[in-house]
Amino acid sequence: MTLRSSNRSTPRLIALGLAALLAQGALAGLLEFSPNEIRAIARHGPWPPAVPRDPSNRVSGKAEAIALGERLFVDPRLSPDASMACAHCHRPAQSWTDGRRLPLGRANRGQGTLVRNTPTLSNAGLGRWFGWGGGSDTIWSFSLRPIGHPLEMASSAAQIARMLRGDVELACRYRRVFGDPDKPDDIVLVDAAKAIAAFVEMLVSPRTPFDAFRDALLRGDRAAAARYPPAAQRGLRLFVGEGNCAVCHFGPTFTNGEFADIGVPFFVPGGVDRGRYAGIERLRADPYNLLGRYSDAADPAVASRTRHVALQPRNFGEFKVPGLRNVAKTAPYMHDGSLATLRDVVKHYSELNEDRLHTEGERILRPLHLTPQAAVDLQAFLESLSDDGPPVASAGVSGVTSPCASPPAR
Amino acid sequence: MRGILAGLLLALAASAVACESPGAGYARLESPGFVLWMATQPAPPPVGAEFAVDAVLCAKGQAQAEAVRFDAWMPTHRHGMNSRPSVTARGDGRWRADGYLFHMPGRWQFKFEIDTPDGRERLTRDIEIE
């Protein structure tokens, strides 16, 4: 096309040029993503999703159960010496984890050592397996483990039932959600875990700079997309492309919900952590699994994943693929908390030790051999998966007023 | 390599109807002795959620199937699924396998192994999952 100048057309051309220049300036920071890349980016949203109700938990999604679960979550009386609540390790202000390499538990009392990093509870309601080894198939059955673990709450069904029957407000709340607490202790214990699970299901992480970018890209709003930092865009391109990260860190939660061996050592004091292998064994032996009598699901299809899970040699040393939302807020990393920072995580994948991987395991894992700039970019992208709001000061998601609530002190 | 025993098929007799497409969405697989039609429910199969496979098997001549195994794997990753489907016979050479789960995007391969008195026949179908 040839442009000819004339008195009439000049102002219009200037205006067009300025507009183009302005647009160019605004878009200077937007990479040209290919259609394949845009499709891959689109798969990581939209966010937030609707959290599905758990059909194995009859109080899932019920407001008064969520409120009771929140009370229980922060109540140290779940442990018999009133020393430890769920919130002791899953701290709201730390993205529902504890910031420690390994949880302290009762280790400071000379009773042994916990060997796995505290997982965040954010977005747990979107998961399929729970715990680094996936030894539980519901949040409520997973909640029972720390309650009974001798190095954590060291509690019992009798303790939980006694607490729920003996506290006037809790008993009132229990009655409104589950009926009369005068029932066998194990039933009261499972009910308590289901209330806690109803609360935990509500812990969905907020939208992030990545989500704003993704949505802008998909609706063709290039100016808005260009506000996403160039380093994060380059890191995203690496994440969905050459890095192959999105193969496991898949979908809106950035996890496929399964397990992988990524070459992190699994030796622990006194032996090895068998990871998913032990998780499946534990799952199958768990009386509280979806196949057991404590599940509220009438449809046998709800237990399908537990019925069909396969125990295989390669499960040895596999650990849960964690979701990456709010990952910048959940250091340290890996099942054993052995990597202190996101920079360390990126370095791990850049220098991956293939000798540590299963010979029959994934063939997608290769050292990325990142340049210093690429490593910075990948880290920038990972950081963009965290919301930039202030830390949550308290759980505070239920917002339900209950006739059981204690009157305010005068 | 993991196999899933579908169960014994007693002298599977192929009907003429079964050798025709059972309906829209079915893919045709063929080995020397058999034709197998397969479809996933839902289609396409999702990543990270269970799905089922409906299959219709018929013999092309006098071939007899003694057992059928259902499975899937990722050839380039050299690993299979994390689940082991359960297979139910629905009569007339029709089968439903529940409990498939593709836990990654990429190229997956459905595998069907048919044991006959003369040996094993294999049928495969590749599918790209996004």
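These numbers were taken from a predicted model, which means no experiment stands behind them.

Visitor: Just to check I follow, could you spell out the overall build of chain A for this structure?
Guide: Along chain A, the regular secondary structure elements total 14 helices and four strands. A separation of at least 24 residues holds for 76% of the contacts in chain A among residues at least 6 apart in sequence.

Visitor: Explain the confidence of the model for chain A here, please?
Guide: Close inspection of predicted coordinates is inappropriate in any region flagged by low pLDDT. Of the residues in chain A, 87% reach a pLDDT of 70 or more, and the chain-wide mean stands at 89. Residue range residues 1–26 of chain A is modelled with pLDDT below 50. Its contacts to residues more than four positions away, or to other chains, number four contacts.

Visitor: How should the packing of helix H2 (residues 35–42) of chain A against helix H8 (residues 209–218) of chain A be read in this particular structure?
Guide: When two helices pack together, their arrangement is given by the angle between the helix axes and by the axis-to-axis distance. Residues and elements named next belong to chain A. Axis separation between H2 and H8 bottoms out at 10 Å; the angle between their running directions is 130°. In this view, H2 runs oblique relative to H8, as classed from their interaxial angle. Crossing handedness for the pair H2 and H8: left-handed. Taking contact as the criterion, the partners of Ile-38, Ile-41 and Ala-42 in H2 are, on H8, Arg-214, Leu-217 and Leu-218.

Visitor: Just to check I follow, could you spell out the sheet that holds strand S4 (residues 50–59) of chain B for this structure?
Guide: Think of a sheet as strands paired side by side through backbone hydrogen bonds, with each pair either parallel or antiparallel. All names here are of chain B. The strand order across the open sheet built from five strands is S2-S3-S4-S8-S7, with neighbouring strands paired in antiparallel fashion. Looking along the sheet, the strands with just one partner apiece sit at the ends: strand S2 (27–30) and strand S7 (86–91). Sheet twist, expressed as the average angle between the axes of neighbouring strands with direction ignored, equals 25°. One ladder, built from five bridges, connects S7 with strand S8 (residues 94–101); its direction is antiparallel. Directly across from Ser-86, in S8, lies its bridge partner Asp-98.

Visitor: Would you take a moment to explain the environment of Val-168 of chain A for this structure?
Guide: Inspection of the secondary structure puts Val-168 of chain A in helix H6 (residues 168–178). On a C-alpha basis, the gap between Val-168 of chain A and Ala-405 of chain A in space is 9.6 Å, while along the polypeptide they are 237 residues apart.

The rules behind each value
Throughout, residues of each chain are indexed from 1 in the direction in which the sequence is written. Labels follow written order: the first chain is A, the first ligand is 1, and so on. Restriction of local features to residues with pLDDT of at least 70 applies here, the model being predicted, together with a cutoff of 80 or more for giving and counting side-chain atom pairs; totals for whole chains, interfaces and linings are based on all residues. Comment: elements are numbered from the N terminus, with helices defined as DSSP H or I runs of at least four residues and strands as E runs of at least two. Here, residues touch in the contact sense if the C-beta positions derived from the backbone fall within 7 Å of one another. The quantity called pLDDT is the predictor's confidence in a given residue, expressed from 0 to 100. Under this scheme, a helix contributes an axis fitted over its contacting stretch, all axes are lines through C-alpha atoms, and angles between N-to-C directions fall in the 0 to 180 degree range. Here the angle decides the label: under 35 degrees means roughly parallel, over 145 means roughly antiparallel, 65 to 115 means roughly perpendicular, and every other value means oblique. Crossing handedness is defined as follows: a turn of the near helix away from the far one that is anticlockwise and smaller than a right angle gives a left-handed crossing, while the clockwise case is right-handed. Paired strands, as defined in this entry, are two strands with at least two bridges between them according to DSSP.

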